[in-house]
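# Working through the structure, step by step
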Amino acid sequence: QQLKQFAKKLIWWQSPEVSLANPRRLLLQVMARGDWPEIVAFKKAFGLDAFREALLNAEAGIFNIKSWTMWHQFFGLPVRELPKREFLKEPVL
């Protein structure tokens, strides 16, 4: 029940059930915008390996540079460039 409440807060635009069905996306949201109780609850539910896996496969537009750097340092990973969205892959003529 607590995870549902946190999921509703962190990904407010969809139901908690939908959010919990996509744990990687939810964990990214926890890492980027969660507070300490939320991080602890999701760590207990999913484990640190799931957090690391989410970070390594992060989608563009979720992290800011501060949280991106902090989580890379936490896991002892070199800080990579933030993922970027690619709106147009080819130039428009």
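Let me sum up the structure you'll find in this document.

Cut-offs applied
- Residues numbered from 1 in each chain as written.
- Predicted model: local features only at pLDDT ≥ 70, side-chain atom pairs only at ≥ 80, totals over all residues.
- Heavy atoms only, no water.
- Core = buried A, V, L, I, M, F, W, Y, C linked by side-chain atoms within 4.5 Å.
- Buried < 20%, exposed > 50% of the residue type's maximum accessible area, 1.4 Å probe, protein only.
- Helix = DSSP H or I, 4+ residues; strand = E, 2+ residues; numbered from the N terminus.
- Contact = heavy atoms within 4.5 Å.
- Axes fitted to C-alpha atoms, helices over the stretch in contact; angles between N-to-C directions.
- Parallel < 35°, antiparallel > 145°, perpendicular 65-115°, else oblique.
- Left-handed = near helix turned anticlockwise from the far one by under 90°.
- Nonpolar A, V, L, I, M, F, W, Y, C, P; charged D, E, K, R; others polar.

### Overview of the nonpolar core
- Grouped together as the largest cluster of nonpolar side chains are 23 residues, with contacts concentrated most on Met 31, Phe 42, Phe 51, Leu 55, Phe 63, Trp 71 and Phe 75.
- Residue assignment for this core shows that the elements contributing at least two residues are α1 (2-10), α3 (23-33), α4 (36-46), α5 (48-56) and α6 (65-74).
- No other element matches the six residues that α3 contributes to this core.
- Filtering out sequence-adjacent residues up to four positions away, Phe 63 remains in contact with Leu 28, Met 31, Ala 32, Leu 55, Ala 58, Trp 68, Trp 71 and Leu 82.

### So, the packing of α1 against α4
- At a closest axis distance of 11 Å, the pairing of α1 and α4 adopts a crossing angle of 125°. If you check the angle between α1 and α4, you find them oblique. Taken as a pair, α1 and α4 cross one another with a handedness that is left-handed. Judged by residue contacts, Gln 2, Leu 3, Phe 6, Ala 7, Lys 9 and Leu 10 of α1 engage Pro 37, Glu 38, Ala 41, Phe 42 and Ala 45 from α4.
- Partitioning the contact of α1 with α4 into residue classes produces eight nonpolar, one polar and two charged.

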